[in-house]
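# Examination of the molecular architecture
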Amino acid sequence: FMTNQSGPTSRAPSTGDLMESLSASENLDTFFTENESQFCGEDIAAYLNQLLRQKHLRNSTVIRRSMLSEIYAYQIFGGVKKPRRDKLLCLALGMGLSLEETQKMLRVCGFPPLYVRHQRDCVIIHALLHQLTVSELNALLDEKHMPLCL
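In this text, all values refer to a predicted model and were calculated from it rather than measured experimentally.

Calculation rules
Residues numbered from 1 in each chain as written. Predicted model: local features only at pLDDT ≥ 70, side-chain atom pairs only at ≥ 80, totals over all residues. Heavy atoms only, no water. Phe/Tyr/Trp six-rings, centres within 6.5 Å; stacked < 30°, edge-to-face > 60°. Buried < 20%, exposed > 50% of the residue type's maximum accessible area, 1.4 Å probe, protein only. Axes fitted to C-alpha atoms, helices over the stretch in contact; angles between N-to-C directions. Helix = DSSP H or I, 4+ residues; strand = E, 2+ residues; numbered from the N terminus. Parallel < 35°, antiparallel > 145°, perpendicular 65-115°, else oblique. Left-handed = near helix turned anticlockwise from the far one by under 90°. Contact = heavy atoms within 4.5 Å. Nonpolar A, V, L, I, M, F, W, Y, C, P; charged D, E, K, R; others polar. Salt bridge = Lys/Arg side-chain N within 4 Å of Asp/Glu carboxyl O. Polar contact = N/O pair within 3.5 Å; in protein donor to acceptor, adjacent residues only side chain to side chain. Core = buried A, V, L, I, M, F, W, Y, C linked by side-chain atoms within 4.5 Å.

Attention shifts here to the packing of aromatic side chains. For the coordinates displayed, the defined rule picks out one aromatic pair. Look at Phe31 and Phe32: their rings are 6.1 Å apart centre to centre, the planes differ by 50°, and that puts the pair in the tilted class. The class for Phe31 is buried, based on a relative accessible area of 5%.

Structure below.
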């Protein structure tokens, strides 16, 4: 929530509000300009770097723990590459994020949150809740004959 100088708390427009605005808009460029701060996944690198600062982590440590290719991971943190959902999940494990922090990261980066009705997502949720490493997560996924988190 943001507060302006006059005191009242203003809230971000809901998804429904944005849909109404888009429906009423005659010009798509105007809609984009007026709602620039409302879009997901626009600056993944900035968000990931903010998490690093908040958690007092070094990207070299997170990259090692995430088991991602060093070059590719530095490109993600540098904003050169846009990671897939699984790569973000590896980074979440590498950062030691909680389930709630991971869900927020996925949403901010424009990806669907982990969903308890999907078995593979359940394994990943379990890994986050129990602070497993990427290797331990992949061992569980392999044991369940599910695609690894790569």
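Contact geometry of helix H4 (residues 59–66) with helix H5 (residues 70–77) gives a least axis separation of 10 Å together with a crossing angle of 130°. Between H4 and H5, the crossing angle belongs to the class labelled oblique. Where H4 crosses over H5, the two elements pack in a sense that is right-handed. In contact with Asn59, Ser60, Val62 and Ile63 of H4, H5 contributes Glu70, Ala73, Tyr74 and Phe77. Among the residues making up the contact of H4 with H5, the classes are represented as five nonpolar, two polar and one charged.

Counted according to the given criterion, the structure contains four salt bridges. Between Lys55 and Glu101 there is a salt bridge whose closest N-O contact spans 2.9 Å. In this pair, Lys55 sits in helix H3 (residues 44–55) while Glu101 sits in helix H7 (residues 99–108), placing the two residues 46 residues apart along the sequence. Residue classification places Glu101 among the partly exposed positions, given a relative accessible area of 27%. Between Arg120 and Asp86 there is a salt bridge whose closest N-O contact spans 2.8 Å.

Next up on the list: the side chain of Arg120. When you line up the elements, Arg120 lands in helix H8 (residues 119–129). Within polar-contact distance, the side chain of Arg120 engages the side chain of Asp86 at 2.8 Å. Beyond its immediate sequence surroundings of up to four residues, Arg120 is in contact with Asp86, Leu141, Met146, Pro147, Leu148 and Cys149.

For the rest of this paragraph, the subject is the environment of Val62. If you trace the backbone, Val62 turns up in helix H4. Between the C-alpha atoms of Val62 and Ala92, which are 30 residues apart in sequence, the distance is 8.7 Å. Ignoring sequence-local partners within four residues, the contact set of Val62 consists of Leu52, Leu57, Phe77, Leu91, Gly94 and Met95.

Here the focus is the side chain of Asp121. By the element assignment, Asp121 lies in helix H8. The exposure class assigned to Asp121 is buried, which follows from its relative accessible area of 5%. A polar atom in the side chain of Asp121 sits 3.2 Å from the side chain of Arg85. Look past the residues within four positions of Asp121 in its chain and what remains in contact with it is Arg85, Pro113, Leu114 and Tyr115.

Below, the discussion takes up the nonpolar core. By size, the foremost hydrophobic cluster in this structure holds 36 residues, and its most contacted members are Leu48, Leu88 and Met105. When residues of this core are traced back to their parent elements, those giving at least two are H3, H4, H5, helix H6 (85–95), H7, H8 and helix H9 (134–143). The leading source of residues in this core is H6, at seven residues. When sequence neighbours within four positions are dropped, the list of residues in contact with Met105 reads Tyr47, Leu48, Leu51, Leu88, Ala92 and Leu97.

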